[in-house]
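Survey of secondary and tertiary structure
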Amino acid sequence: ETAVPSLFGTVGRAAMVSPTMRALLFLLLSLSVHAMRPGVHITRRSSPVSSHLSSVKMQTRNGLTSQFADMRAQIEQDEKANAMMQALRGTNINDDDVAVAGTTMQVVEMARGEGDDVLPLTYDPERLSEYFSRRPLAVLTRITQVASTSAGWLASVAFDAARGKLESGSDAEVAQVAKLRRVIVSLGPFFIKLGQALSIRPDILSPKAMVELQQLCDKVPSFDSTLAMKTISDDLGRSPSELFSEISAEPMAAASLGQVYKATLRETGEVVAVKVQRPFVLETVSLDLHLARQLGKLLRRTPLSERIDICDLLDEFAPNFYAELDYNLECANGERVRKDMERLPQVIIPRNYPSLTSRRVHVAEWVEGEKLSQSDADNVSELVNLGVIVYLTQLLETGFFHADPHPGNMMRSPDGKLVILDFGLMTEITDNQKFGMIEAIAHLIHRDYARIGEDFVNLEFIPAGVDTRPIVPALARVFDAALAGGGAKSINFQELAADLAEITFKFPFRIPPYFALIIRAISVLEGIALKGNPQFAIVDEAYPYISKRLLTDKTPRLRAALRYMVYGQSDTFDVDRMIDMLQALEKFVA
């Protein structure tokens, strides 16, 4: 039996991957169930299409919303699947505005090199190794910091492990993750960001551990504002008093990477947010990455390497971390997203100021608002629906996806618009991935399981070159059961779990990083919406958007997907499905 990692041990793929795959199944079904029309029958009539659409619109919408809520309720009755859904929704995400009392954060101060002896500004393991080989004192200082800070926790973990208590998802594991949070915050940005990255990876942590780690807060005490003002002067070549007619004496917020001041531009009078990077953050993060990678190389010689390759994990994680440390990239990302979202007037993306931005200083428009997750306004559910459209637009149209889905990054403006913040972490979605997701939905609708197996390869769930033909019978049982008549109550989730386990035992399934972010983004939006509307169904917004893309996009690959959607594997035109898509398009336009 192939094993996959939990935080402190291993579990069989059935225990870990089955709930993950169930969450994936739920997402795919949420996008395809509308077109499958389970339990909702639309008959052909001789009346005009517009009249027909009007007569069935309310019935279809109510039926699908109820069907979707019913399916979600059934999934949530399964303890492991429910834990996974809660973890993916970010139910426990900590979006506090201030640091926990007593919080401290350690960094390593070191002199900057000159000439060839300079710290790389992008992730380069070989150059990092060369750079820190010349700084043994800094290396020793950081090792001492990490060892002294984590010694008590490691001893506690060893004690629980010796007593056999650290099973995946056990109370002992959850308790140790809670203790780990305090260690992580004290050790600084690298550990905080790694913890946050792991908190959305169901292929690495158990659901309970994910939920506990999501309480990790990156708010830390602010650093001296004198240093912040000096950073502004050094990087922008002008003093803060020359640039701003007013700037707050102390930061409005402070996090592990930097802190934010509220200021007024002297030249225009515009109110702006000035983010200044914390001193020695790049140096400390780089040193932590170097030490972690050296540890990973050593562990490759141990049995742990059979469960997880730390070097591979770091190489996946580190480039985005370096990108987040370059505020020039965040500024460019923000402007690109702002341009992409011009088509959605109810969405506010703060304006950025490239001429007042450097690697360590970022100036952007100051936007007032309240966190969407904490708002009691009447239109929160509408803004969540709009958020679904924003993320689907990024995912399936622009291909530039917000990679830091977090309740704290979405606000409601005083005039009731959706504000999206913080574009330090973005990911590019390739055309193959964009079109592949829509094609997978079309194949699922027509139960073309042979092609769904190919879709899993295309979307990077299964490595290229793997023969997926043997997977077809198990896929057929999984999706036929889920999409059978009688609604969600007719689904036997224990049988589904067994079939999913069979698939994951026989095939090297993994959740690709980009898709983990997609599931998380959609799940976080759903989590916010469900607080105010227990009947919220993502299908109400997702399917109309997908219909709009298929009916209006002239890309050859989507033209082919549209043809497949309405003709399937035969030459018979499906009138009902076309009417269903037109109805969805009408809803989107409205």
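Please read these numbers as outputs of a predicted model, since none were measured by experiment.

1. What about the overall build of the protein chain?
Looking only at helices and strands, one finds 22 helices and 13 strands in the protein chain. Sequence-distant contacts in the protein chain: of pairs separated by 6 or more residues, those separated by 24 or more amount to 72%. For the protein chain, the exposed surface amounts to about 24900 Å²; the carbon and sulfur share of it is 53%.

2. Topic: the sheet that holds strand β9 (residues 370-371)
Taken in spatial order, the four strands line up as β7-β12-β11-β9 in an open sheet, and their pairing is mixed. Strands with a single pairing partner mark the edges of an open sheet, and in this sheet they are β7 (347-348) and β9. The pairing of β9 with strand β11 (residues 410-412) spans two bridges and is antiparallel. Of the residues in β11, the one forming a bridge with Lys-371 is Met-411.

3. As for the pairing of strand β5 (residues 258-265)
Counted residue by residue, β5 has six buried out of eight residues, so it is predominantly covered. Relative to β5, strand β3 (residues 244-247) is paired through three bridges, and the arrangement is antiparallel. Within β5, the position partnered with Phe-244 by the bridge is Leu-265. Strand direction decides the pairing type here: strand β4 (residues 253-254) and β5, joined by two bridges, are antiparallel. When the sheet's bridge partners are listed, Ala-254 is paired in β5 with Gln-259. Here β4 folds back onto β5 in antiparallel fashion, the turn holding three residues. By the bridge criterion, seven bridges tie β5 to strand β6 (residues 271-277) in an arrangement that is antiparallel. Bridged to Gly-258 within β6 is Gln-277. Between β5 and the antiparallel strand that follows it, β6, lie five residues; Gly-269 among them carries a positive phi value of about 80°.

4. Quick word on the confidence of the model for the protein chain
Interpreting fine coordinate detail is not advised for predicted regions of low pLDDT. Per-chain confidence: the protein chain averages 78 in pLDDT, with 73% of residues scoring 70 or above. A low-confidence stretch, residues 485-491 (pLDDT under 50), is modelled with 14 contacts involving residues beyond four sequence positions or located in other chains.

5. Describing helix α13 (residues 327-340)
Here α13 is 14 residues long and its end C-alpha atoms lie 20 Å apart, about the 20 Å a rise of 1.5 Å per residue gives. Listing the buried residues of α13 in full gives Tyr-327, Glu-330, Cys-331, Asn-333, Gly-334, Val-337 and Asp-340. Put simply, Asp-326 is the residue that caps the front of α13, since its side-chain oxygen is 3.0 Å from the backbone nitrogen of Asn-328.

6. Considerations on the nonpolar core
Core analysis: the biggest nonpolar cluster contains 74 residues, and Met-437 and Leu-550 have the highest contact counts within it. Per element, the largest residue contribution to this core is twelve residues, and it comes from helix α19 (residues 513-532). Not counting residues up to four positions away in its chain, the partners in contact with Leu-550 are Ile-438, Leu-558, Arg-559, Ala-561, Leu-562, Met-565 and Met-581. Counting residues in each nonpolar core, the second largest holds 43 residues, with Phe-132, Val-157, Ile-184 and Leu-287 among its members.

7. Remarks on the side chain of Asp-340
Relative to the assigned elements, Asp-340 resides in helix α13. Of the side chains with opposite charge, Arg-336 lies nearest to the buried Asp-340, which makes no salt bridge, at 4.3 Å.

8. Some points on unusual backbone geometry
The residue Phe-280 is not glycine, and still its phi comes out positive at about 65°. One non-glycine residue, Glu-460, lies in the positive phi region at around 75°. Note that Glu-460 resides in the loop between α16 (449-458) and α17 (472-482). Using a relative accessible area of 36% as the deciding quantity, one classes Glu-460 as partly exposed.

9. Focus: the side chain of Ser-186
Inspection of the secondary structure assignment puts Ser-186 in helix α6 (residues 171-187). In this structure Ser-186 touches Thr-104, Met-105, Gln-106 and Thr-149, once residues within four positions along its chain are discounted.

10. Focus: the environment of Pro-470
Checked against the element boundaries, Pro-470 lands in the loop between α16 and α17. Once the C-alpha coordinates of Pro-470 and Gly-453 are considered, the two residues, 17 residues apart in sequence, prove to be 9.2 Å apart.

11. Some points on the pattern of salt bridges
One pass over the full model with this rule turns up 23 salt bridges. Across the pair Asp-160 and Arg-163 runs a salt bridge, and its minimum N-O distance is 2.8 Å. Arg-163 gets classed as partly exposed once you look at its relative accessible area, which sits at 43%. One salt bridge connects Lys-262 with Glu-368, and the closest N-O pair in it is separated by 3.4 Å. Pair noted here: Lys-262 is in strand β5 and Glu-368 is in the loop between β8 (361-365) and β9, with a separation of 106 residues, a long-range link. Of the residues examined, Glu-368 reaches a relative accessible area of 42% and is grouped as partly exposed. The network of salt bridges with common partners includes Asp-117, Glu-130, Arg-134 and Arg-135.

12. Topic: the packing of aromatic side chains
In total, this model carries seven aromatic pairs according to the counting rule given. The rings of Phe-456, Phe-461 and Phe-515 are connected pair by pair, giving a single aromatic cluster. The lysine or arginine in question, Arg-135, covers the ring of Tyr-131, its NZ or CZ lying 3.7 Å from the ring centre.

13. Re the packing of helix α15 (residues 431-445) against α16
For any two helices packed against each other, the geometry comes down to the angle between their axes and how far apart the axes lie. Between α15 and α16, the least distance of the axes is 9 Å, while the angle of their chain directions is 160°. If you check the angle between α15 and α16, you find them roughly antiparallel. Note on packing geometry: the crossing formed by α15 with α16 is left-handed. Contacts between α15 and α16 involve Asn-432, Gly-436, Glu-439, Ala-440, His-443 and Leu-444 on the former and, on the latter, Arg-451, Ile-452, Asp-455 and Asn-458. A breakdown of the residues in the contact of α15 with α16 according to their chemical character gives three nonpolar, four polar and three charged.

14. Observations regarding the packing of helix α14 (residues 380-398) against α15
One can describe the packing of α14 onto α15 by two numbers: an axis separation of 7 Å at closest approach and a directional angle of 110°. When the interaxial angle is binned, α14 and α15 end up roughly perpendicular. Between α14 and α15, the residues in contact are Leu-395, Leu-396, Glu-397 and Thr-398 and Lys-434, Met-437 and Ile-438, respectively. In terms of residue class, the contact of α14 with α15 is built from four nonpolar, one polar and two charged.

15. A word on α6
Helix length check: α6, at 17 residues, gives a terminal C-alpha distance of 25 Å against a target of 24 Å (1.5 Å per residue), a fit within 8%. In terms of burial, α6 is largely enclosed, as 13 of its 17 residues are buried. Phi turns positive one or two residues past the end of α6, at Gly-188, with a value near 105°.

16. Things to note about the environment of Ala-151
Secondary-structure assignment places Ala-151 in helix α5 (residues 136-162). A relative accessible area of 41% places Ala-151 in the partly exposed class. Sequence-wise, Ala-151 and Val-183 are 32 residues apart; in three dimensions their C-alpha atoms are separated by 9.6 Å.

Cut-offs used in this document
Residues numbered from 1 in each chain as written. Predicted model: local features only at pLDDT ≥ 70, side-chain atom pairs only at ≥ 80, totals over all residues. Heavy atoms only, no water. Helix = DSSP H or I, 4+ residues; strand = E, 2+ residues; numbered from the N terminus. Contact = heavy atoms within 4.5 Å. Areas by Shrake-Rupley, 256 points an atom, 1.4 Å probe, with all protein chains shown as cover. Pairing = 2+ DSSP bridges. Buried < 20%, exposed > 50% of the residue type's maximum accessible area, 1.4 Å probe, protein only. pLDDT = per-residue confidence, 0-100. Expected span 1.5 Å × (residues − 1). Polar contact = N/O pair within 3.5 Å; in protein donor to acceptor, adjacent residues only side chain to side chain. Core = buried A, V, L, I, M, F, W, Y, C linked by side-chain atoms within 4.5 Å. Lys, Arg positive; Asp, Glu negative; His and termini not counted. Salt bridge = Lys/Arg side-chain N within 4 Å of Asp/Glu carboxyl O. Phe/Tyr/Trp six-rings, centres within 6.5 Å; stacked < 30°, edge-to-face > 60°. Lys NZ or Arg CZ within 6 Å of the ring centre and 35° of its normal. Axes fitted to C-alpha atoms, helices over the stretch in contact; angles between N-to-C directions. Parallel < 35°, antiparallel > 145°, perpendicular 65-115°, else oblique. Left-handed = near helix turned anticlockwise from the far one by under 90°. Nonpolar A, V, L, I, M, F, W, Y, C, P; charged D, E, K, R; others polar.

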